[in-house]
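These are the residues of each chain, in order.
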Amino acid sequence: MADIPFWNRLQKYGIDGFVLALIGSIVLAYLWPQPGVYQGVVGLPKVANYGIALIFFFYGLKLSPRQMKEGLANWRLHTVIQAVTFLLFPALVLLAKTVGGGTWDSPLWVGTFFLAALPSTVSSSVVMVSMARGNVPAAIFNASVSSLVGVFITPLWMGLVLSTTAGGVDTGHAILELSGQVLLPVFLGMLLHKRFGAWALRNARWLKLYDQTVILLIVYVSFCESFVGRMFQGQTFWGLLLLSVTMLALFFVVYGITALISKALHFNGPDTTAALFCGSKKSLVHGTVMSKVLFPGVAAVGVILLPLMIFHTLQLIAVSMIVHRRNN
């Protein structure tokens, strides 16, 4: 290990340039928040909205209808992954909320449940399953299905939980708006897959860089709004440390329960790997996109995104360490 550069070591354990850029975007929002709250013709919030649509259009270009059709066969694996993503996660947070008490007026509780209600991430799930020698076609299928189903399930969960608060979610409007921002571009991309799919796959590296740039822009804008609204004044170092420990515990509880379910159903090694790495992960892309729709005009949106950003970083580190340990 002594001859491996320090940067390569960080990357092996999930701390890559994107994670550092996320931290940098928050620091920039703190130091220079004005561009993020400017609402002019070319304001950054409007630029981010157009960028979101292109993210999902390019995702649709890479999505093969044939792969989706072939993936339907392994229904037990798909059921487990989707149940863990959309049922187990919310159930665990609701249980913790019942035990811990408090109200849904707390942005951190809202953010934690929002994280639990989100779909699985696509790119990192597939990459990690591939690195761990898991069932890659199943990972692609489930991550894709999760992304599409989440457009409906995430707003339903948020509407159900927050219906009694003053800032309750308009579920129907949210689903309609997310369908326009997510589903429509994806389906347009799928329609053009035959013509431009090969181009999208050849340029996957650049398209991933584009995705990350838009995510960083959304995070920057969200935190600018929170810093201008002084929403972080009540947060302490120890509070953030406790939140980080809680997010890590949530990941490993879900990971452990998924492992037990996979063992009980006698999944083989590749299917177990797919279940573990797809079911236990949450999508920062969908989280940043959906936060703009589900929490419009909420100054605390940066605080609401905080659990997701911490979970996203820790899930990358944890899964990278697990994969590294398996392969060595």
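For the structure given in this document, a descriptive report is provided here.

What counts and how
- Residues numbered from 1 in each chain as written.
- Predicted model: local features only at pLDDT ≥ 70, side-chain atom pairs only at ≥ 80, totals over all residues.
- Heavy atoms only, no water.
- Buried < 20%, exposed > 50% of the residue type's maximum accessible area, 1.4 Å probe, protein only.
- Helix = DSSP H or I, 4+ residues; strand = E, 2+ residues; numbered from the N terminus.
- Arc of directions from axis to C-beta.
- Axes fitted to C-alpha atoms, helices over the stretch in contact; angles between N-to-C directions.
- Left-handed = near helix turned anticlockwise from the far one by under 90°.
- Contact = heavy atoms within 4.5 Å.
- Nonpolar A, V, L, I, M, F, W, Y, C, P; charged D, E, K, R; others polar.
- Core = buried A, V, L, I, M, F, W, Y, C linked by side-chain atoms within 4.5 Å.
- Parallel < 35°, antiparallel > 145°, perpendicular 65-115°, else oblique.
- Patch = residues over 30% accessible without salt bridge, like charges linked within 9 Å, V, L, I, M, F, W, Y side chains within 5 Å.
- Areas by Shrake-Rupley, 256 points an atom, 1.4 Å probe, with all protein chains shown as cover.
- Salt bridge = Lys/Arg side-chain N within 4 Å of Asp/Glu carboxyl O.

1. Let's talk about helix 11 (residues 193-202)
Buried residues of helix 11: His 193, Gly 197 and Ala 200, and no others. Axial view of helix 11: buried residues confined to an arc of 70°, hence all on one face. Of the residues in helix 11, the exposed ones pointing more than 90 degrees away from the buried face are Arg 195 and Arg 202.

2. Observations regarding the packing of helix 7 (residues 107-117) against helix 9 (residues 136-162)
It is the contact of helix 7 with helix 9, at a shortest axis distance of 9 Å, that shows an interaxial angle of 150°. Here helix 7 and helix 9 pass one another in a crossing that is right-handed. When helix 7 is examined against helix 9, the residues Val 110, Phe 113, Phe 114 and Ala 117 are found in contact with a partner set consisting of Thr 154, Trp 157, Met 158, Val 161 and Leu 162. Classifying every residue of the contact of helix 7 with helix 9 gives eight nonpolar, one polar and no charged.

3. Observations concerning the nonpolar core
In this structure, Phe 56, Phe 113, Phe 114, Met 158, Leu 250, Phe 277 and Phe 295 are the most contacted members of the largest nonpolar core, which totals 83 residues. Ranked by residues supplied to this core, first place goes to helix 16 (residues 301-326) with eleven residues. Each residue touching Phe 114, except ones within four places of it in the same chain, is listed here: Thr 154, Met 158, Gly 287, Met 290, Ser 291, Leu 294, Phe 295, Ile 304 and Leu 305.

4. Looking at the packing of helix 6 (residues 75-100) against helix 9
What describes two packed helices is the angle between their axes and the distance between those same axes. Where helix 6 meets helix 9, the axes come as close as 10 Å, and the angle between the chain directions of the two elements is 30°. The orientation of helix 6 relative to helix 9 falls into the category roughly parallel. For helix 6 against helix 9, the interelement crossing comes out right-handed. Counting all contacts with helix 6, which are made through Leu 77, His 78, Ile 81, Gln 82, Thr 85, Phe 86, Leu 87, Pro 90 and Leu 94, the residues of helix 9 involved are Ala 138, Phe 141, Asn 142, Val 145, Ser 146, Val 149, Gly 150, Ile 153, Thr 154, Trp 157 and Val 161.

5. Points about a nonpolar patch on the surface
A contiguous nonpolar surface patch, about 750 Å² in accessible area, is contributed by Leu 20, Ile 23, Val 27, Leu 28, Tyr 30, Leu 31 and Trp 32. Position of Ile 23 among the secondary structure elements: in helix 2 (residues 17-31).

6. So, the environment of Phe 252
Structurally, the position occupied by Phe 252 is in helix 13 (residues 237-264). By relative accessible area, Phe 252 is classed as partly exposed at 42%. Between the alpha carbons of Phe 252 and Ala 318 there is a distance of 8.8 Å; along the sequence they are 66 residues apart. The contact partners of Phe 252, leaving out residues within four places of it in the chain, are Ala 318 and Ile 322.

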